[in-house]
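These are the residues of each chain, in order.
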Amino acid sequence: FPGGFFSRHPKVDLDLGTIHGVPAVMPGAWGSHLGLVDLVLDNSSGRWKVTSGKGFLRPIYDKAARKSVAAPDPLVAQLISPEHDATVAHMAAEVARTTAPITSYFALVADDPSVQVVALAQREHARSLLRGTPYEKLPLLSAASPFKAGGRMGPSYYTDFPAGPVALRHVASLYVYPNVIKAVKLNGAQVREWLEMSAGMFRQIDPKGPAEQELMNDAFVSYNFDSIEGVSYAIDVTQPARYAPKGPLVAPQARRIVDLRYNGQPIDEAAEFIVVTNNYRASGGGAFPNLTGKNIVLDSQDENRGAVAAYLARQQTFNPSADNNWRIQPVPGVKLRFQSGEAAIAHLERYPQIKLVKRQGDGWALFELTE
């Protein structure tokens, strides 16, 4: 099982790896763990029966010792070694250097460099492609989301690389998918609706409820949590989510996005904007309002990941800092709690608005936003 939170289900036995007494496994993402089911069989009656069973995972890599625990098949290793070695060398190629670590442990609760660098790269790439077009003069915004943010992928599924050389493999961690760059034309009101959909990432917080409340909505996937670079705003989590995770408008009177500004002024909801994103989002992925593929004005085939690599290469030395253009509004008297990978603890000093509550002993740790 990916984490201890499955123990909440009364029919789950974490020690035996069973659901309703039936062994079950969820193999590790990206081939990190082999899933095994061990069955005890009895043939004493002349007919085979399963008398008990256990489901468990076997890791292929020892993170503490930094070594593989799965021996490669010699013949396969020999056959693919030229391609494997060439791929490793290619992905290790240095693109730029960073003056501080880049991580995504807190990208769902605070403006974060791991997301902002993607948004900045997209915007710069799109600006060059829009030059000389009718859209060149319109305000240019950029939407990006955290791809590696734990969740069902486990407590180690985060971007985390140290200060120093940035290799292509690091860029692949910043941008996991082979999306291509697109841009759409929207008005200010539609930009607001885009952000309202993203704000479904959070549960509704009751200001008069318990002193400690869980912040994250587990039904909302992290790659649908877009932040938009080029505007500033706050998220009021005491309001109900305007949109359901699958897209339907469920609370027409609700407004979580507050103090939405462009160039320091309240956004003009009739003004036109160009928003850079990827093909998934622009063509309707995530069921965001007003994004159906019909308002695409930049139909590029350039990969978002390639734009990030080129942007970092031009910077040569990159200072990963966020401009804090968005924030979650504090709820007086309520501690907003969330979990992230335990390795996030080492980076807390860069996030004064976040504090550790406790280590949970299973790779996860509990944190809270301070007022």
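Please read these numbers as outputs of a predicted model, since none were measured by experiment. (Residues numbered from 1 in each chain as written. Predicted model: local features only at pLDDT ≥ 70, side-chain atom pairs only at ≥ 80, totals over all residues. Heavy atoms only, no water.)

Right, let's get into the side chain of N295. By secondary structure assignment, the location of N295 is in the loop between α5 (279-282) and β20 (296-303). N295 sits in the buried class, given a relative accessible area of 17%. Engagement of the side chain of N295 in a polar contact is seen with the backbone oxygen of N290, the distance being 3.0 Å. Not counting the four nearest positions on each side in its chain, N295 is found in contact with A183, V184, K185, L186 and N290. (Helix = DSSP H or I, 4+ residues; strand = E, 2+ residues; numbered from the N terminus. Buried < 20%, exposed > 50% of the residue type's maximum accessible area, 1.4 Å probe, protein only. Polar contact = N/O pair within 3.5 Å; in protein donor to acceptor, adjacent residues only side chain to side chain. Contact = heavy atoms within 4.5 Å.)

Trans peptide bonds make up most of the peptide bonds, and negative phi angles are found at most residues other than glycine. With phi around 60°, A287 is a residue other than glycine that occupies positive phi space. Although it is not a glycine, N290 sits at a positive phi angle of roughly 70°. Structurally, N290 is set in the loop between α5 and β20. For N290, a relative accessible area of 32% corresponds to the partly exposed category.

With mixed pairing, 4 strands are arranged side by side in an open sheet as β18-β17-β16-β22. If you trace the sheet from one side to the other, it starts and ends with β18 (265-266) and β22 (326-328), each paired once. Across the sheet, helix α4 (residues 188-198) touches β16 (232-235) and β17 (257-262), and the angle it forms with β17 is around 135°. (Pairing = 2+ DSSP bridges. Axes fitted to C-alpha atoms, helices over the stretch in contact; angles between N-to-C directions.)

Before going further, it helps to examine the nonpolar core. Ranked by internal contacts, the top residues of the largest apolar core, which has 52 residues, are F106 and V109. Listed in part, the 24 residues of the second largest apolar core include I102, A119, A121 and V171. (Core = buried A, V, L, I, M, F, W, Y, C linked by side-chain atoms within 4.5 Å.)

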